[in-house]
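# Results of the structural survey
Next come the chains, spelled out residue by residue.
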Amino acid sequence: PGRAKRLLLSQLFQPLNLQGEAGGASKPGEPTCRSQRLMLQAGLIHPGSPGCYHYLPPTVRAMEKLVRLMDEEMRAVGGQKLNMPSLSSAELWRASGRWERMGPELFRLLDRHGKDYCLSPTHEEAVTELVASQSTLSYRHLPLRLYQVSRKFRDEPKPRFGLLRSREFYMKDMYTFDVSEEAALQTYDLVCGAYCSLFNRLGLPFVKVRAATGSIGGTVSHEFQLPADIGEDRLLLCPNGHFAANVETLNEEQTSCPTCGEKLTQTRGIEVGHTFYLGTKYSSVSNAIFSSPDNKPQLAEMGCYGLGVTRILAASIEVLSTEDGIRWPSLIAPYQLCFVPPKRGSKEEEEGAVLLEQVYDDLAEALPHLAVDSVLDDRTQLTIGKRLKDAKKLGYPYVVIAGKRVCEDPPVFEVWDQNAGEVLFLTKEGVIELLSKVEVL
């Protein structure tokens, strides 16, 4: 009820260190990358222990928006959201053979009764056991597409590059159960399509590449990669778009596209999604069966599908940003809008501050969805230029400034559209009209 409370930058818990390297970011000689440096300087993350980070409030906002986007795409393909325990019994992992095969990557622990557990990096065993426990499962219940967004754990030997290679991270993982191989491969194509839709909506330059199945297993696998110099995967791509693969899936001799014969180009990529067709690898271990139309027990055909939530955040900053300023995919920017009032003591101070606050309030009334996505930079002891420079570093898609023209009749505001690289001069009505087109999750 009433007017939205203005959100002041000075009151946000976002410890800024925008002047240079963030203190405590890394040990001397430890490799860093653009996204890690920018996120530390912008007060988005703070190191806890090696490979573990505090996600500060703006990052949590971005993450929640990204999860809402993932929820939309997963619901569109019939996904049902659940949540499984992070703590997983060793018995499940021993049955699948992965307790030994995963080696030191698993965080292992003993409970007070001497029972072995691990902190799950992924949940194939757990979800298959869950579905197998449903004794009345019939072909009518399938396809079943279950997913979660949760904290995962991997004991990385060399955690580095901030959220790109960490020991504790968030992942969206979906597990699907189908009546046949044909149906499972249709589901596979459907989920891959949802991933393509997600990355297109984020405006990220992704490539889908053939991939190895690794410790997850199965017979078909693809990775969704963002090309980037600091990426840990080597990719071979056809310049005409006919073929794309992770180098680890190819033999040394393959240098040309199998479709058009063009020479394959090599690039590096950051893996942000991975899909697997599993067949009955896990359902046969847990006896995850359903009754067929002729009432015979049949093993479910499975697939699993991962998206790195925190890795997508960091990777998108890595590939979209400049060396000195964050560029978010606009859909998941923590805040869409920053208002910059005049400097304290300037001739525009009194009138300009009132007019800018009026725009803030009118905008919140006209576009209530933007009310909680707007920040007022109340550090009026700083010049407008300094605050604009900070706003560019923090990556607000739009910045509205009460500058020299705010005292004209009618008042004119300077609006920076950061992603388009444009500066507009608009009246209050013009500002509201421009921002009415902004999509907020």
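Residues numbered from 1 in each chain as written. Predicted model: local features only at pLDDT ≥ 70, side-chain atom pairs only at ≥ 80, totals over all residues. Heavy atoms only, no water.

Under the convention used in this document: UniProt positions are given in the numbering used here, feature names are shortened, and annotations may be inferred rather than shown by experiment.
The protein chain is annotated in an unreviewed UniProt entry as Probable proline--tRNA ligase, mitochondrial of Brachypteracias leptosomus. In its Function (unreviewed entry) section, the UniProt record describing the protein chain reads: "Mitochondrial aminoacyl-tRNA synthetase that catalyzes the specific attachment of the proline amino acid (aa) to the homologous transfer RNA (tRNA), further participating in protein synthesis. The reaction occurs in a two steps: proline is first activated by ATP to form Pro-AMP and then transferred to the acceptor end of tRNA(Pro)."

### Quick notes on the pattern of salt bridges
Basically, it comes down to this: Each salt bridge in this description consists of a side-chain nitrogen of Lys or Arg and a carboxyl oxygen of Asp or Glu lying within 4 Å of one another. Under the scheme used here, helices are H or I runs from DSSP no shorter than 4 residues and strands are E runs no shorter than 2 residues, and both carry numbers assigned from the N terminus. A 1.4 Å probe rolled over the protein chains alone gives each residue an accessible area, and that area as a share of the maximum for its type sets the label: buried under 20%, exposed over 50%, partly exposed in between.
Inspection of every chain in the model, using the stated rule, returns 28 salt bridges. The closest approach of N and O atoms between Glu232 and Arg160, which form a salt bridge, is 3.0 Å. Linking Glu232 in the loop between strand S10 (220–227) and strand S11 (233–237) with Arg160 in the loop between strand S7 (144–153) and strand S8 (168–178), this pair joins segments that are 72 residues apart in sequence. Under the relative-accessibility criterion, Arg160 is labelled partly exposed at 30%. Residue Asp390 pairs with Lys386 through a salt bridge whose shortest N-O separation is 2.7 Å. Of this pair, Asp390 and Lys386 both sit in helix H11 (residues 384–394), separated by four residues, roughly a single helical turn. On the accessibility criterion, Lys386 (27% relative accessible area) is partly exposed. By sharing partners, the salt bridges in this structure join Glu105, Arg154, Glu156, Arg160, Arg165 and Glu232 into a single network.

### Some points on the packing of aromatic side chains
Convention followed: Think of it this way: a Phe, Tyr or Trp ring, Trp meaning its six-membered ring, pairs with another when their centres are within 6.5 Å, and the plane angle makes it stacked under 30 degrees, edge-to-face over 60, tilted otherwise. Any Lys NZ or Arg CZ found within 6 Å of a ring centre and within 35 degrees of that ring's normal is scored as a charge over the ring.
Following the criterion strictly, the structure yields seven aromatic pairs and no others. The interplanar angle of 40° and the centroid separation of 4.9 Å between the aromatic rings of Phe339 and Tyr360 together place this pair among those described as tilted. Of this pair, Phe339 sits in strand S17 (residues 337–340) while Tyr360 is found in helix H9 (residues 349–366), placing the two residues 21 residues apart along the sequence. With a relative accessible area of 0%, Phe339 lands in the buried category. By relative accessible area, which is 2% here, Tyr360 ends up buried. In textbook terms, an aromatic cluster arises when at least three aromatic residues are bridged by ring pairs, as seen for Tyr195, Phe199, Phe206 and Phe224. The ring of Trp99 has Arg108 lying over it, and the distance from NZ or CZ to the ring centre is 4.6 Å. In this structure, Lys281 is placed above the aromatic ring of Tyr282, and the distance from its NZ or CZ to the ring centre is 5.2 Å.

### Comments concerning the nonpolar core
Convention followed: What we call a nonpolar core is a set of buried Ala, Val, Leu, Ile, Met, Phe, Trp, Tyr and Cys residues that are connected through their side-chain atoms within 4.5 Å. Domain limits in this description derive from either an automatic procedure or a database domain assignment. We call two residues contacting when some pair of their heavy atoms lies within 4.5 Å.
With 69 residues, the main nonpolar core has Phe199, Leu202, Ile312 and Tyr396 as its most contacted residues. Broken down by element, the residue count for this core peaks at nine residues, all from helix H6 (residues 181–202). Formed jointly, this core draws a minimum of three residues from each of two domains, domain 1 (34–320) and domain 2 (335–436). For Leu202, the contacting residues outside a window of four places in its chain are Leu66, Leu69, Ile312, Pro329 and Ile332. The next biggest cluster of nonpolar side chains, apart from the first, holds 20 residues, and it includes Tyr398, Phe413, Ile432 and Leu435.

### Regarding the domain arrangement of the protein chain
Taken domain by domain, the protein chain consists of domain 1 (34–320) and domain 2 (335–436). A straight line from the C-alpha centre of domain 1 to that of domain 2 covers 41 Å.

### Quick notes on the sheet that holds strand S20 (residues 413–417)
Quick note on the threshold: In this scheme, strands are said to pair when DSSP sees at least two bridges between them. Between N-to-C directions, angles cover 0 to 180 degrees, with each direction set by a line fitted to C-alpha atoms, over the stretch in contact for helices.
Spatial strand order, S18-S17-S19-S20-S21: five strands in an open sheet with mixed pairing. Edge positions in the sheet fall to strand S18 (374–376) and strand S21 (422–426), since each of these pairs with one other strand and no more. The average angle at which neighbouring strand axes cross in this sheet is 20°, direction not considered. Sheet topology places strand S19 (residues 398–401) next to S20; four bridges connect them, and they run antiparallel. Bridge pairing in S20 links Val400 to Val415. Sitting on the sheet, helix H12 (residues 428–435) touches S17, S19, S20 and S21, and the angle it makes with S21 is about 135°.

### Side note on unusual backbone geometry
Look at the link from Leu142 to Pro143: it is a cis peptide, with omega at 5°. Structurally, Pro143 can be placed in the loop between helix H5 (124–132) and S7. That bond from Asp409 to Pro410 is cis: its omega, -5°, falls within 30 degrees of zero. Position of Pro410 relative to the elements: it lies in the loop between S19 and S20.

### Considering the UniProt feature "domain: Aminoacyl-transfer RNA synthetases class-II family profile" (unreviewed entry) in the protein chain
The residues that UniProt annotates with the feature "domain: Aminoacyl-transfer RNA synthetases class-II family profile" (unreviewed entry) are residues 64–329. When the span residues 64–329 is considered, its composition is 27% helix and 31% strand, and the gap between its end C-alpha atoms is 14 Å.

### Brief notes about the environment of Val309
Take Val309: it is sitting in helix H8 (residues 309–320). Beyond its immediate stretch of four places on either side in the chain, Val309 contacts Met63, Leu66, Val67, Met70, Val149, Tyr170, Met171 and Lys172.

### Brief notes about H12
Those residues of H12 that sit buried are Gly430, Val431, Ile432, Leu434 and Leu435. Where the residues of H12 are buried, they touch S17, H9, helix H10 (368–371), S19, S20 and S21.

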